[in-house]
Structure formats: C-alpha cells, structure tokens
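A structural walkthrough
Listed here are the chains, written in short residue letters.
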Amino acid sequence: MKLVGLDFETANPGSGSICAAGIALMESGIIQEKREWLIRPHHSVDWMLSAFTKLHGIGYFDLRGALEFPEIWSVMKNLISQGDCIVIHNAMFDLRHLHAVLTLYSLPSCSFDYVCSLAVCRSLFPEMLSHSLDTMAAHFNIEFRHHDAQEDAIACATIISQIGIPQNFIKRFEYHYRS
C-alpha cells in the first residue's frame, strides 16, 4: 500500500492559517518522495501568534517571500493522488485547516481517503499515557524533529507503515468547491 504522510503547521488559531506543509510518499516503508514548503497564509489570517512560533520556529519574516497555498497545491495534490491512503496525526486539525484554505482560495473540489494515526495509536496502544506524535515516534524508535511539517509527515506515515491500518479506520475527506 502506498501511504502519504501529510502535516501542516499553522500561524495562528485562524482556520486556514497554514504556514508550512510537509508531505511524504511511502511505499513498503520506504520514502519514495518528500516535499516541504513554507507558505504565506491567506491575507485574512496572515499573522503569527508568538506561542505558535515558539512551537514550530517559523516567524512572520520567514514567510514574507513564501508562496501562497494555491501556488503549491497542484504539486501537493499530485502527491496526494499517488497514495492509496493519506496518513495524518490528529487528522481533524489538519483537515479543518485544509478545508478552510481550499475555501479561502476557492480552489477546485478534491477528495481522498485518509487515516488518523492518532486514532489508530489510541486504539492499538490504550495503555500508553500519551499518543502524541513525539511519544508514539519514540515508542517505535523513530527519530525526528517534532513540529517540522515534513518530519511530522514522515513520522506518522512510518508509524502506520509499521503497525498497519485496522479495519474501519479509513475515512474520506471531501471538499466541494462552491461558486
């Protein structure tokens, strides 16, 4: 199965404030392709909350020359389409921001199958006190830099590659463009 790890970092709590994206195409546990971008948020959410900057290290001036989401979406969407399933840790968070940014820019409709690696880890490892990505990665001896979009994408895909996807955990993301 071809898995695609996906992760976003955000500038602030505003829906669609994506400031970084990471994606990794993995087949049989081996990374085939990976990409990452700094992204200038849509003008309606184009500000940085200092607590978020402390978390991921991306500051306001890091994004001044960055591309906006529509400029990277075709490459990202192409990589997503190559996977059988997209893997996202805490999928509700990332998919809320993806839906919002697609709406903010009135981008065309898209859909894909995904699995939330957080939900899978909670189900398969109920005895663990935390199921955060850094805790689960440590459990599987995966070294990575947490809150780096590309490294988070690789980590969650690697975890699912090792443990598999239990039955009924694959969901469908649907975004429909409304003119």
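Further up the page is the structure itself.
A brief report on the enclosed structure follows.

Rules of the game
- Residues numbered from 1 in each chain as written.
- Predicted model: local features only at pLDDT ≥ 70, side-chain atom pairs only at ≥ 80, totals over all residues.
- Heavy atoms only, no water.
- Helix = DSSP H or I, 4+ residues; strand = E, 2+ residues; numbered from the N terminus.
- Buried < 20%, exposed > 50% of the residue type's maximum accessible area, 1.4 Å probe, protein only.
- Contact = heavy atoms within 4.5 Å.
- Core = buried A, V, L, I, M, F, W, Y, C linked by side-chain atoms within 4.5 Å.
- Expected span 1.5 Å × (residues − 1).
- Pairing = 2+ DSSP bridges.
- Axes fitted to C-alpha atoms, helices over the stretch in contact; angles between N-to-C directions.
- Right-handed = clockwise from strand over helix to strand, strands pointing away.
- Salt bridge = Lys/Arg side-chain N within 4 Å of Asp/Glu carboxyl O.

**Overview of the side chain of His131**
- As for its position among the elements, His131 is in the loop between helix 4 (117–124) and helix 5 (133–139).
- Given the relative accessible area of 12%, His131 is considered buried.
- For His131, the contacting residues outside a window of four places in its chain are His89, Leu118, Cys121, Arg122, Phe125, Pro126 and Met136.

**Overview of the nonpolar core**
- In terms of nonpolar packing, the biggest core is built from 31 residues, with Phe69, Trp73, Met76, Leu98, Leu102 and Phe173 touching the most fellow members.
- Elements with a contribution of two residues or more to this core: strand 1 (2–10), strand 2 (18–27), strand 3 (30–40), helix 2 (69–81), strand 5 (85–88), helix 3 (91–104), strand 6 (110–116) and strand 7 (171–175).
- The element contributing the most residues to this core is helix 2, with six residues.
- Setting aside residues no more than four positions away along its own chain, Leu98 makes contact with Phe8, Ile18, Phe69, Trp73, Phe112 and Phe173.
- Of all hydrophobic cores here, the second largest spans 17 residues; its members include Phe125, Ile142, Ile159 and Ile160.

**What to know about helix 3**
- For helix 3, built from 14 residues, the straight-helix expectation of 20 Å at 1.5 Å per residue is met to within 8% by its first-to-last C-alpha distance of 20 Å.
- Every buried residue belonging to helix 3 is among Ala91, Asp94, Leu95, His97, Leu98, Ala100, Val101 and Leu102, and all of these are buried.
- Looking at the buried side of helix 3, the elements it contacts are strand 1, strand 2, helix 2, strand 5, strand 6 and strand 7.
- Phi turns positive, to about 50 degrees, at Ser106, one or two residues after helix 3.

**Let's talk about the sheet that holds strand 1**
- The seven strands lie next to each other as 4-3-2-1-5-6-7, forming an open sheet whose pairing is mixed. Each edge of the sheet is formed by a strand with only one pairing partner; in this case those strands are strand 4 (67–68) and strand 7.
- By the bridge criterion, two bridges tie strand 3 to strand 4 in an arrangement that is parallel. From the neighbouring strand, Ile39 faces strand 4, where its bridge partner is Leu67.
- Across the face of the sheet, helix 4 comes into contact with strand 5 and strand 6 while running at roughly 25 degrees to strand 6.
- Sheet contacts for helix 6 (residues 149–163): strand 1, strand 2, strand 3 and strand 5; angle to strand 1, the most-contacted strand, approximately 145 degrees.

**A short note on the pairing of strand 5**
- Where burial is concerned, the two faces of strand 5 agree: the one with Cys85 and Val87 and the one with Ile86 and Ile88 are both buried.
- Here strand 1 runs beside strand 5; their pairing, made up of three bridges, is parallel. By the bridge assignment, Gly5 is partnered in strand 5 with Val87.
- Pairing of strand 5 with strand 6, which is carried by three bridges, proceeds in the parallel orientation. Bridging from a neighbouring strand, Ile88 pairs with Cys116 of strand 6.
- For the handedness criterion, the β-α-β arrangement of strand 5, helix 3 and strand 6 is classed as right-handed.

**Structural notes on the pattern of salt bridges**
- What the rule picks out here adds up to six salt bridges.
- One salt bridge connects Arg64 with Asp46, and the closest N-O pair in it is separated by 3.0 Å. One end of the pair, Arg64, is in the loop between helix 1 (50–56) and strand 4; the other, Asp46, is in the loop between strand 3 and helix 1, and 18 residues separate them in sequence.
- For Arg64, a relative accessible area of 22% translates into the label partly exposed.
- A salt bridge links Asp148 to Arg145, with the nearest nitrogen and oxygen atoms 2.8 Å apart.
- The exposure class of Asp148 is buried, given its relative accessible area of 15%.
- Taken together, the shared-partner salt bridges connect Arg40, Asp46 and Arg64 into one network.

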